[in-house]
Amino acid sequence: MSLIVQKYGGSSVADAESIKRVARRVVETKRAGHQVVVVVSAMGDTTDELLDLAAAIADAPPSREMDILLSSGERMSMALLAMAIHEHGETAQSFTGSQAGMITDTSHGKARIIDVSPDRVQESLDTDHIGIVAGFQGVSSESKDITTMGRGGSDTTAVALAAALNADACEIYTDVDGVFTADPRVVKSAHKIDQISSEDMLEMAAAGSKVLHLRSVEYARRFGVKLHVRSSFSQHEGTWVLPGPDDTIALQEGEPLEQPIISGVAHDDSEAKLTISGVPDVPGKAADIFNLIAQAGTNIDMIVQNVSDDTKTTNISFTLPGADIEKSVQILTDNKEQIGFEELDYVPQVGKVSLVGGGMRHHPGVSARFFTALRDAGINIGLISTSEIRVSVITDIEDLGRAVQAIHTAFGLDADQEATVYAGTGR
Ligand code: ADP
Ligand code: ASP
Ligand code: MG
């Protein structure tokens, strides 16, 4: 008998009717002869609403309490889904992350998994139940407190359980038919990708395609979990993310022999840009700046340092999560004298657009086509960064949607039909 882990995102369990629909699908999977473990997200925009509630009560709520609050969203969904399954005459048992053996470190709000021991879920399966697990939460082995794993973390719960239970596949059910060549909410002509290498999927997720939590892709790749991203609103086959670097795309008749040059275009509207000018051009200044930023607990994305001019000073620009801009500006301003810079400017929200494709490392001309597309669309570029399989630029936030569309078209990715977005607010 095969074991399938199914994860249903917030828009798939947004209300009572949706939960009943998901229950039918889960029951059908069991009746088709599979063992089923279900991971659920909080209903609809519940997590955002809980965040808003906390913000209305405290400026800086204690992170321990924040995690207890946020973990409650997933607990509602799991109990309601178990009830809906019972209505169909099957039995289901729901478990919190802690009960399901999701052991994490103590970094509240961004906890990392250190062990998964789903004994109770296994017992539940052995006694012919459907196991349901609350997504994105665990328990710290050190403090014994409830933790959460960061926004979108239920994907990672599902993959971690699939790995620990040795599942045959992990299905991620969402509000679109799979992974597309661009976010179908932004590019209507985006098309679904049937199979994508985990390497390209990692870059897409890291560059802002929130259809999969980055850590779920890393985890699936490490443990060889087969991921199938698909819609809970249709029966269409979705996108398979091939786990290992050696899993070549299975060739079907008439398909090209090589992996595609480009997988897709990802975008991110959550970053800010900070520029420090008049930095003395002497050894150690970049170290001073980035040590301070690291102390503030902020992750940096792109960094650019200009060639120094006659005044023997230079400018350093970098991007960082928009949510961290204030504390970063504060800590740099507090240390202005020690670093010796002249000015600090920032833009609280910029756009980042990235072109991703493992095939680009063997194909010249990709960057040329990318920059030509932006020029033809009259879009100005802030910063540029590249990896072997990605080209990214920063644009003004107003230009982001047009930039994504222009690059998508320039690389011949447009489909004839409009992509379907079944639900969700994209929040
Ligand atoms: P869930 O609540 O099911 O976890 P998410 O909102 O986290 O759903 O992820 C699904 C959304 O990801 C889609 O509705 C879509 O707007 C967005 N998205 C961004 N990039 C892509 C992409 N390349 N392919 C598909 N969806 C994408
Ligand atoms: N409910 C959490 C969120 O909205 C976790 C998840 O859905 O994956 O981020
Ligand atoms: Mg998600």
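Please read these numbers as outputs of a predicted model, since none were measured by experiment.

J.: What's the story with the site of ligand 1 in this structure? I'm lost.
T.: Close to ligand 1 lie 18 residues, the nearest being Thr174, Asp175, Phe180, Asp183 and Arg185. Within the side chain of Lys7, an N or O atom sits 3.0 Å from an oxygen atom of ligand 1. The separation between an oxygen atom of ligand 1 and a polar side-chain atom of Arg185 is 2.9 Å. About the coverage of ligand 1: the protein hides 90% of its 570 Å² of free accessible area. For the shell around ligand 1, the class distribution of residues is eight nonpolar, five polar and five charged.

J.: Can you walk me through the nonpolar core in this structure?
T.: Note on soluble globular proteins: their nonpolar side chains tend to be buried together. In this structure, Val5, Val37, Leu161, Cys170, Met201, Leu212 and Leu227 are the most contacted members of the largest nonpolar core, which totals 40 residues. At five residues, helix α5 (residues 154-164) tops the list of elements feeding residues into this core. Those residues in contact with Leu161, other than ones at most four positions away along the chain, are Val37, Val39, Met102, Val116, Pro118 and Val133. Ranked by size, the runner-up nonpolar core spans 23 residues in total, among them Leu374, Ile379, Val393 and Phe411.

J.: I'm lost on the site of ligand 2 in this one. Help?
T.: Taken together, Ser41, Ala42, Thr47, Glu74, Phe136, Arg151, Gly152, Gly153 and Ser154 form the complete shell of residues around ligand 2. Side-chain polar atom of Ser41 to an oxygen atom of ligand 2: 2.9 Å apart, as the coordinates give it. Gly152 places a main-chain nitrogen or oxygen 2.9 Å from an oxygen atom of ligand 2. Isolated, ligand 2 exposes 260 Å² of accessible area, and the fraction of that covered by the protein chains is 87%. Looking at side-chain class alone, the shell around ligand 2 contains two nonpolar, five polar and two charged residues.

J.: Whenever I open this one, the side chain of Ser317 confuses me. Can you help?
T.: Tracing the sequence through the fold places Ser317 in strand β15 (residues 313-321). Excluding residues that lie within four positions of it along the chain, Ser317 makes contacts with Leu274, Thr275, Met302, Ile303, Val304 and Leu383.

J.: It is not clear to me how unusual backbone geometry should be interpreted in this structure. Could you clarify?
T.: Generally, phi is negative for residues other than glycine and the peptide bonds are trans, each holding for most cases. In the Ramachandran plot, Lys144 falls in the positive-phi region, its phi being about 65° despite a non-glycine side chain. Tracing the backbone through its elements, the reader meets Lys144 in the loop between β7 (137-140) and β8 (146-148). Positive phi outside glycine occurs at Asn166, with the angle close to 55°. For Asn166, the position within the fold is in the loop between α5 and β9 (169-174). The class of Asn166 is exposed, set by a relative accessible area of 64%.

J.: What should I look at first to understand the pairing of strand β13 (residues 264-280) in this one?
T.: Looking down a regular strand, the side chains alternate between one sheet face and the other. In terms of burial, β13 is largely enclosed, as 14 of its 17 residues are buried. Relative to strand β16 (residues 343-356), β13 runs antiparallel, the two being bridged by eleven bridges. Counterpart to Glu271 in the pairing with β16 is Val350. One ladder, built from eight bridges, connects β13 with β15; its direction is antiparallel. If you follow Thr275 over to β15, its bridge partner there is Ser317.

J.: How should the sheet that holds strand β12 (residues 239-242) be read in this particular structure?
T.: Across a sheet, paired strands are connected by hydrogen bonds in the backbone, their directions being either parallel or antiparallel. Taken together, the eight strands give an open sheet; going across it, the order is β3-β6-β2-β1-β9-β11-β12-β10, and neighbouring strands pair in mixed fashion. The strands lining the two open edges of the sheet, one partner per strand, are β3 (92-95) and β10 (195-197). The mean inter-strand angle of the sheet, taken between neighbouring strand axes irrespective of direction, is 20°. The strands touched by helix α1 (residues 16-31) are β1 (3-8), β2 (35-40), β6 (130-134), β9 and β11 (227-231); relative to β1, the strand with the most contacts, the crossing angle is about 170°.

What counts and how
Residues numbered from 1 in each chain as written. Chains lettered and ligands numbered in written order. Predicted model: local features only at pLDDT ≥ 70, side-chain atom pairs only at ≥ 80, totals over all residues. Heavy atoms only, no water. Near = heavy atom within 4 Å. Polar contact = N/O pair within 3.5 Å; in protein donor to acceptor, adjacent residues only side chain to side chain. Areas by Shrake-Rupley, 256 points an atom, 1.4 Å probe, with all protein chains shown as cover. Nonpolar A, V, L, I, M, F, W, Y, C, P; charged D, E, K, R; others polar. Core = buried A, V, L, I, M, F, W, Y, C linked by side-chain atoms within 4.5 Å. Buried < 20%, exposed > 50% of the residue type's maximum accessible area, 1.4 Å probe, protein only. Helix = DSSP H or I, 4+ residues; strand = E, 2+ residues; numbered from the N terminus. Contact = heavy atoms within 4.5 Å. Pairing = 2+ DSSP bridges. Axes fitted to C-alpha atoms, helices over the stretch in contact; angles between N-to-C directions.

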